[in-house]
Amino acid sequence: MRALFAIFALLGVAGIVLGVLTILRGTGSDPGVPFRFENYGGPGPIIAGIIVLATSLYLLSTWKPRD
């Protein structure tokens, strides 16, 4: 189970990175066009990544294997 929680932590980090890259890609449009945050996914992937990362780290720290 600890390996599963570690995989979830990696997925959380990947979600955060993809969310940041999505936002940064949205800022590279035409110079005359203002940045419109809602057109590029918003902070959803970042928030989801933080939640998955925090939950998996919590489970990793509290999980006790059966004897």
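Let us look at the structure shown here. Quantities reported herein were computed from a predicted structural model and do not represent experimental measurements.

### Details of helix α2 (residues 44–62)
Thought 1: Over its 19 residues, α2 extends 27 Å from the first C-alpha to the last, a length consistent with the 27 Å expected when each residue adds 1.5 Å.
Thought 2: Taken together, the buried positions of α2 are occupied by I46, G49, S56 and L60. For α2, the arc enclosing every buried residue in end-on projection is 105°, short of the 170-degree limit, so these residues lie on one face. Turned more than 90 degrees away from the buried face of α2, the exposed residues are I51 and Y58.

### Quick notes on the packing of aromatic side chains
Thought 1: Counting across every chain of the model gives 1 aromatic pair.
Thought 2: A ring pair is formed by F5 and W63, whose centres lie 5.5 Å apart and whose planes are at 75°; its orientation type is edge-to-face. One end of the pair, F5, is in helix α1 (residues 2–26); the other, W63, is in the segment after α2, with 58 residues separating them in the sequence.
Thought 3: According to the relative accessible area criterion, F5 is buried, its value standing at 5%.

About the thresholds
- Residues numbered from 1 in each chain as written.
- Predicted model: local features only at pLDDT ≥ 70, side-chain atom pairs only at ≥ 80, totals over all residues.
- Heavy atoms only, no water.
- Helix = DSSP H or I, 4+ residues; strand = E, 2+ residues; numbered from the N terminus.
- Expected span 1.5 Å × (residues − 1).
- Buried < 20%, exposed > 50% of the residue type's maximum accessible area, 1.4 Å probe, protein only.
- Arc of directions from axis to C-beta.
- Phe/Tyr/Trp six-rings, centres within 6.5 Å; stacked < 30°, edge-to-face > 60°.

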